[in-house]
Amino acid sequence: QVQLVESGGGLVQAGGSLRLSCAASGRSFSRYTMGWFRQAPGKEREFVATIDRIDGTTYYSDSVKGRFTISRDGAKNTVTLQMNSLKAEDTAVYYCAASSAYGHVVAAGSYNYWGQGTQVTVSS
């Protein structure tokens with residue numbers, strides 16, 4: 001079992017920045033590929049970013065590429081999502097997730113564990 005707890009959400013103006021953190025506990029953090037997803041009201045959960053468990057390479061959705069950065073700290077068992085140049089359409093509940101699959105995992109169904117989510121609201 002892996003427990004994931006997100007933090008760092010809030011209200012920010014368009015063009016601003018937020019930094020989300022996800023603290024993992026339980027089984028070895030290094031065993032999992034980590035990802036961030038988001039879900040806006042009335043929409044399906046969508047992939048945002050993922051980071052490979054072996055080489056630390058990253059992969060992003062087109063909608064956030066160049067604005068968001070995912071990173072992980074094995075010593076602290078945390079994964080972060082730095083979000084810059086935020087837009088109103090980035091408003092959603094953001095979820096941290098852990099997958100036992102390898103590589104860049106983009107399908108929500110491939111993730112085994114999920115956090116409770118943190119709200120991000122961007123005002124225009």
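Scoring rules and cut-offs
Residues numbered from 1 in each chain as written. Predicted model: local features only at pLDDT ≥ 70, side-chain atom pairs only at ≥ 80, totals over all residues. Heavy atoms only, no water. Pairing = 2+ DSSP bridges. Helix = DSSP H or I, 4+ residues; strand = E, 2+ residues; numbered from the N terminus. Buried < 20%, exposed > 50% of the residue type's maximum accessible area, 1.4 Å probe, protein only. Lys, Arg positive; Asp, Glu negative; His and termini not counted. Salt bridge = Lys/Arg side-chain N within 4 Å of Asp/Glu carboxyl O. Polar contact = N/O pair within 3.5 Å; in protein donor to acceptor, adjacent residues only side chain to side chain. Contact = heavy atoms within 4.5 Å. Disulfide = S-S within 2.5 Å. Phe/Tyr/Trp six-rings, centres within 6.5 Å; stacked < 30°, edge-to-face > 60°. Lys NZ or Arg CZ within 6 Å of the ring centre and 35° of its normal.

**Q** Which residues make up the pairing of strand β7 (residues 68-73), and what values go with them?
**A** On any regular strand, side chains alternate: one points to one face of the sheet, the next to the other face. Relative to strand β8 (residues 78-83), β7 runs antiparallel, the two being bridged by six bridges. Each residue of the ladder has a partner; that of R72, found in β8, is V79.

**Q** Describe the side chain of R53, and please don't skip the residues or the numbers.
**A** Here R53 lies in the loop between β5 (46-51) and β6 (58-60). Here R53 occupies a buried position and makes no salt bridge, while the nearest side chain of opposite charge, D52, is found at 6.5 Å. At 2.4 Å, the side chain of R53 forms a polar contact with the backbone oxygen of R31. Among residues more than four places away in sequence, those in contact with R53 are S30, R31, Y32, T33, R72, S99, S100, A101 and Y102.

**Q** Describe the state of the cysteines, and please don't skip the residues or the numbers.
**A** Note: disulfide means a covalent bond formed between the sulfur atoms of two cysteine side chains. Scanning the model with the defined rule gives one disulfide in all. Two residues, C22 and C96, share a disulfide whose sulfurs are 2.1 Å apart. Judged by the sign of its S-S torsion, about -75°, the cystine formed by C22 and C96 is left-handed. Taken together, the positions of C22 in strand β3 (residues 18-26) and C96 in strand β9 (residues 92-99) put the pair 74 residues apart, joining distant regions of the chain.

**Q** A description of the packing of aromatic side chains should follow, citing residues and the corresponding values.
**A** Applying the stated rule across the entire model yields seven aromatic pairs. Measuring from ring centre to ring centre gives 5.8 Å for F37 and F47, while their planes differ by 75°; the resulting arrangement is edge-to-face. Highlighted residues: F37 in strand β4 (residues 33-39) and F47 in strand β5, separated in sequence by ten residues. An identical accessibility class is assigned to F37 and F47; each is buried. Clustering of aromatic rings is evident, with ring pairs tying together F37, F47, Y59, Y95, Y111 and W114. Above the face of the Y95 ring, R45 is positioned so that its terminal group lies 3.8 Å from the ring centre.

Everything listed here is a matter of geometry and, on its own, says nothing about what the molecule does.
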